[in-house]
Amino acid sequence: MLFNEDKLKSFAKPQPAYQEDAIKRTHEAIRNAIIQNFPKEAVKTNYNLKDVKLETYLQGSYINDTNIRHSSDVDIAVEFISWHEAGTERLNMEGKEAYQKSKIGIEYSVKLFKNDIQSALAKQFGASNVTRDNKCIRFKAHENYAKADIVPSWTYRLYKTYNSPQVNTFDSGIYFVADDGKTIVNYPKQHKEALAAKSKSTNGQFKETVRMFKNIRNELKSKGILTQDVLSSHFIEILLFNVSDNAFSKSTYADKLGAVTAEACAITEPKGSWQNRKCANGIIELGKAAGWSQPLAFTFFKTIRDKVINV
């Protein structure tokens, strides 16, 4: 084993309180900046909207309690909830026809929303601290603020049934468009709920194991054992979510690492069960998730097996 039990235990620990304070402070400052500077009335008037409502909330590792020490993985969603995009692929023919008959559109777009959020933040913090990335807005760590990725998005409804605008059922998520034109749908609230349930069913061992794997990934990168192109924190969470609860119940961190890695290798190998798995949100098929790479995932867990456990 490359790391002893004490080292693995330290990998599993949550981040210190001062990092949590910085994240909370950053989220609050960004939320207030958007409230103060977003051109709500102009958008309402220019695009003939009845109302303009936004919701700003943390997503990702921090809110899921899987973030690690010295991590800059702070994700903030800014959701435009006065309008929504829709997915109709699960509807039957009658439902699709009913939706198309009632469908209306607006000239305001996710791209324009992203522009307005960027301008609102730049007005508050200065353009040098707010830059644009393909999928998000980057907030630079400065003063007492942490680095953050801000995702301007719209509410998304993946319809299950549709009879009329008033009579329908759906799964609610968020929808955004990257600057390269690619559309992305996520379900962060369902993801959060699923991880909380997994943590409860494993007596809290799931989340500490996720932190252990993330820290091992960073250690292997620093040692040059893994390249910079490694499995993201998001997919580590998803794949470990798909591992059986029993694998997390081992008495030592070393045994837990071995059991979880063995199952993760079996899931992610070329002919593994990943093809029949879903993301933690329970909606998106793993193989269709944005950014999914089976070779990358298998290489990650195989490297842990061969370079960490079996040495």
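What counts and how
Residues numbered from 1 in each chain as written. Predicted model: local features only at pLDDT ≥ 70, side-chain atom pairs only at ≥ 80, totals over all residues. Heavy atoms only, no water. Helix = DSSP H or I, 4+ residues; strand = E, 2+ residues; numbered from the N terminus. Rg over C-alpha atoms; globule rule 2.2 N^0.38 Å. Buried < 20%, exposed > 50% of the residue type's maximum accessible area, 1.4 Å probe, protein only. Contact = heavy atoms within 4.5 Å. Areas by Shrake-Rupley, 256 points an atom, 1.4 Å probe, with all protein chains shown as cover. Lys, Arg positive; Asp, Glu negative; His and termini not counted. Charge placed at Lys NZ, Arg CZ, Asp CG, Glu CD. Expected span 1.5 Å × (residues − 1). Polar contact = N/O pair within 3.5 Å; in protein donor to acceptor, adjacent residues only side chain to side chain. Pairing = 2+ DSSP bridges. Salt bridge = Lys/Arg side-chain N within 4 Å of Asp/Glu carboxyl O. Core = buried A, V, L, I, M, F, W, Y, C linked by side-chain atoms within 4.5 Å. Disulfide = S-S within 2.5 Å. Axes fitted to C-alpha atoms, helices over the stretch in contact; angles between N-to-C directions. Parallel < 35°, antiparallel > 145°, perpendicular 65-115°, else oblique. Nonpolar A, V, L, I, M, F, W, Y, C, P; charged D, E, K, R; others polar.

Novice: Please clarify how the overall build of the chain should be interpreted in this entry.
Specialist: In terms of regular secondary structure, the chain is built from 10 helices and 7 strands. Taken over the C-alpha trace, the chain has a radius of gyration of 21 Å; the compact-globule value for 311 residues is 19 Å, and the two agree within 12%. Dimensions of the chain along its principal axes, counting C-alpha atoms only, are 65 × 55 × 35 Å. Within the chain, the fraction of its 311 residues that count as buried is 47%. Once local pairs closer than 6 in sequence are excluded, the contacts in the chain between residues at least 24 apart make up 65%. When the accessible area of the chain is evaluated, it comes to approximately 15,400 Å², of which 47% is carbon and sulfur surface. When the 45 basic and 35 acidic side-chain charges of the chain are each reduced to a single mean position, those positions are 1 Å apart.

Novice: Explanation requested: the side chain of Lys114 in the structure shown.
Specialist: Relative to the helices and strands, Lys114 is located in helix α5 (residues 110–125). When neighbours within four sequence positions are excluded, Lys114 is seen to be in contact with Arg132, Asp133, Asn134, Lys135, Cys136, Ile137, Pro152 and Asp179.

Novice: Honestly, helix α10 (residues 294–309) in this entry has me stumped. Any pointers?
Specialist: For α10, spanning 16 residues, the distance from its first C-alpha to its last is 21 Å, which sits close to the expected 22 Å at 1.5 Å a residue. Along α10, the residues that are buried comprise Gln294, Ala297, Phe298, Phe300, Phe301, Thr303, Ile304, Val308 and Ile309. Contacts made by the buried residues of α10 are with α7 (205–222), α8 (233–241) and α9 (253–268). Between the side-chain oxygen at the start of α10 and the backbone nitrogen of Leu296 there is a gap of 3.2 Å, and the oxygen is on Ser293.

Novice: Any chance you could explain the pairing of strand β6 (residues 168–177) here in plain terms?
Specialist: Look at any regular strand and the pattern is simple: side chains alternate between the two faces of the sheet. Bridge count for strand β5 (residues 148–162) against β6 is 8 bridges, and the pairing is antiparallel. Within β6, the residue paired with Tyr159 across the bridge is Phe170. Here β5 folds back onto β6, and the loop between the two strands holds 5 residues. Relative to strand β7 (residues 183–186), β6 runs antiparallel, the two sharing 4 bridges.

Novice: Hey, could you run me through the pattern of salt bridges in this one?
Specialist: Close approach of charged atoms lets side chains of opposite charge pair. Taken as a whole, this structure holds 16 salt bridges when the rule is applied. Between Glu28 and Arg31 there is a salt bridge, with its nearest N and O atoms 2.8 Å apart. Of this pair, Glu28 and Arg31 both sit in helix α2 (residues 17–37), 3 residues apart, roughly one helical turn. Glu28 gets classed as partly exposed once you look at its relative accessible area, which sits at 36%. A residue is classified by how much of its surface remains accessible, and Arg31, at 28% relative accessible area, is partly exposed. Within the structure, one salt-bridge network assembled from shared partners comprises Arg90, Lys160 and Asp171.

Novice: What exactly am I supposed to notice about the nonpolar core here?
Specialist: One broad rule of soluble globular proteins: the nonpolar side chains tend to lie buried together. Residues Leu121, Phe213 and Ile216 are the most contacted members of the largest nonpolar core, which totals 80 residues. Contact partners of Ile216, with chain neighbours within four places excluded, come to Phe3, Leu8, Phe11, Leu257, Ile304 and Val308. Grouped together as the second largest cluster of nonpolar side chains are 5 residues, Ala98, Tyr99, Tyr159 and Tyr162 included.

Novice: How do you make sense of the state of the cysteines when you look at a structure like this?
Specialist: Each disulfide consists of one covalent bond between the sulfur atoms belonging to two cysteines. In this structure the tally under the stated criterion is 0 disulfides. This cysteine, Cys279, is not joined by any disulfide, and Cys265 carries the nearest cysteine sulfur, 19 Å off.

Novice: So what exactly am I meant to see when it comes to the packing of α7 against α10 here?
Specialist: Axes are the key here: two packed helices are described by the angle between their axes and the distance separating the axes. Where α7 meets α10, the closest approach of the two axes is 11 Å, and the angle between their N-to-C directions is 75°. Considering their axes alone, α7 and α10 lie roughly perpendicular with respect to each other. For the pair α7 and α10, contact is made by Phe213, Ile216, Arg217 and Leu220 and by Phe300, Phe301, Thr303, Ile304 and Val308, respectively. Within the contact of α7 with α10, the residues separate by chemical class into 7 nonpolar, 1 polar and 1 charged.

Novice: Whenever I open this one, unusual backbone geometry confuses me. Can you help?
Specialist: Most peptide bonds take the trans form, and the phi angle of most residues other than glycine is negative. Unusually for a residue other than glycine, Asn48 sits at a positive phi of about 55°. Tracing the chain through its elements places Asn48 in the loop between α3 (40–46) and β1 (54–59). You will see that Glu143, though not glycine, has its phi angle at about 50°, which is positive. For Glu143, the location among the structural elements is in the loop between β4 (137–139) and β5.

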